[in-house]
Amino acid sequence: MNNLNAQYVEIAKANIDAASEVAGVALAGVEKLAQLQFKSVKDSLGQGAGNLKALAGVKDVQELVKVQSTLAMPSMESAVAFANALYAVSSETANAFAKLAEAQISAGNEKIHSAVEEFAKSAPAGAESSVALVKSALTAASAAYETANKAAKQAVAVVEENVQTASKASLKALKAAA
């Protein structure tokens, strides 16, 4: 009974540690997003003040058109840069969550394998085929998880590459239009 209670306490401690790690990752992501927002607001205010000064110095319609066309490009570049930074923070946070999940799954798999091994040692005679079946199922499940995990990582890499390509293409199109 004491051994069982000790196991429950150990599981509870592990869960508290895991929850603490998840909260830490979440808070770090929120902190980065807040910093990004503050930087964006600060930059926008500075850029807006500069734009107002430029517009205040306009003397005729032709100069107004010229000033307006030069003001649009930095704003669009800032918007694209903000979107890229936002994506980077989101991606980084998601990757951190994924690493935590992988660590938890790996630890869980180790516990399951050790439990099966302990069970196999004390299994009644004739249960070898059942134990082998459970071990085989665990091996197949682990292989399926690894395959799915690799496919997900490849998909994320493709999405990240596409986001970067789209951002570069957007900036090129903006520059060409200006």
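Calculation rules
- Residue positions are given per chain, counted from 1 along the sequence in the order it is written.
- Local features are withheld for residues below a pLDDT of 70 in this predicted model, meaning they are given only at 70 or higher, and side-chain atom pairs are given and counted only at 80 or more; totals for whole chains, interfaces and linings count all residues.
- Derived side-chain values reflect all non-hydrogen atoms in the structure, with water molecules and hydrogen atoms excluded from consideration.
- By the criteria applied, helices consist of DSSP H or I runs no shorter than four residues and strands consist of E runs no shorter than two, each listed in order from the N terminus.
- For the radius of gyration, the atom set is restricted to C-alpha positions; the globular benchmark scales as 2.2 Å times the number of residues to the power 0.38.
- The buried label goes to any residue with under 20% of its type's maximum accessible area, the exposed label to any with over 50%, and the partly exposed label to all in between, with areas taken from a 1.4 Å probe on protein chains only.
- We call two residues in contact whenever any of their non-hydrogen atoms come within 4.5 Å of each other.
- Note on areas: Shrake-Rupley with a 1.4 Å probe; residue coverage comes only from the protein chains shown.
- Any carboxyl oxygen of Asp or Glu within 4 Å of a side-chain nitrogen of Lys or Arg constitutes a salt bridge here.
- pLDDT expresses how confident the predictor is about each individual residue, on a scale running from 0 to 100.
- Here the expected length of a helix is defined as 1.5 Å per residue gap, with one fewer gap than residues.
- Note that patches include only residues with greater than 30% relative accessible area and no salt bridge, and the join distances are 9 Å for like charges and 5 Å for nonpolar side chains (Val, Leu, Ile, Met, Phe, Trp, Tyr).

Turning our eyes to something else, we now look at the overall build of the chain. Across its full length, the chain holds 3 helices and 0 strands. Along the chain, helices (α) and strands (β) appear in the sequence α-α-α when read from the amino end. Taking 2.2 N^0.38 as the reference for a compact globule, 178 residues should give roughly 16 Å; the C-alpha atoms of the chain span a radius of gyration of 28 Å, well beyond that estimate. Counting only C-alpha atoms, the chain reaches 100 × 35 × 10 Å along its principal axes. The buried share of the chain, taken over its 178 residues, is 11%. Here the contacts in the chain between residues at least 6 apart in sequence split such that 75% fall between residues at least 24 apart. On the chain, roughly 12900 Å² of surface is accessible, and the fraction owed to carbon and sulfur atoms is 65%.

Turning next to the pattern of salt bridges. Scanning the entire structure with this criterion turns up 5 salt bridges. Salt-bridge contacts for Asp43 lead to Lys39; the nearest nitrogen and oxygen are separated by 2.8 Å. Taken as a pair, Asp43 and Lys39 lie in helix α1 (residues 2-56) at a separation of 4 residues, close to a single helical turn. Since its relative accessible area comes to 41%, Asp43 is described here as partly exposed. The closest approach of N and O atoms between Lys153 and Glu102, which form a salt bridge, is 3.3 Å. Residue Lys153 is located in helix α3 (residues 128-177), and its partner Glu102 is located in helix α2 (residues 61-122); the two are separated by 51 residues in the primary sequence. Judged by relative accessible area, Glu102 falls into the partly exposed class, the value being 23%.

The subject of this paragraph is the confidence of the model for the chain. Residues with a pLDDT of 70 or more make up 96% of the chain, whose mean pLDDT is 85. Averaged over each element, pLDDT in the chain is lowest for α3 (82) and highest for α1 (88).

Here the focus is α2. Quick reminder: α-helices carry 3.6 residues per turn. Residues three or four places apart thus point the same way. Taking 1.5 Å of rise per residue, the 62 residues of α2 would be expected to cover 92 Å, and the 91 Å separating its terminal C-alpha atoms lies within 8% of that figure. Among the residues of α2, Val67, Leu71, Met73, Val80, Val89, Ser91, Thr93, Leu100 and Val116 are the ones counted as buried.

Turning our eyes to something else, we now look at a nonpolar patch on the surface. Residues Leu52, Leu55 and Leu64 make up a contiguous nonpolar surface patch of roughly 250 Å² in combined accessible area. By the secondary structure assignment, Leu52 is in helix α1. With relative accessibility at 60%, the residue Leu52 sits in the exposed group.

Bringing the environment of Ala98 into the picture now. Looking at the secondary structure, you find Ala98 in helix α2. C-alpha of Ala98 to C-alpha of Ala157: the two residues are 59 residues apart in sequence and 14 Å apart in space.

As a further point, take the environment of Lys175. Its location among the elements puts Lys175 in helix α3. Apart from residues no more than four positions distant in its own chain, Lys175 is found in contact with Met73 and Glu77.

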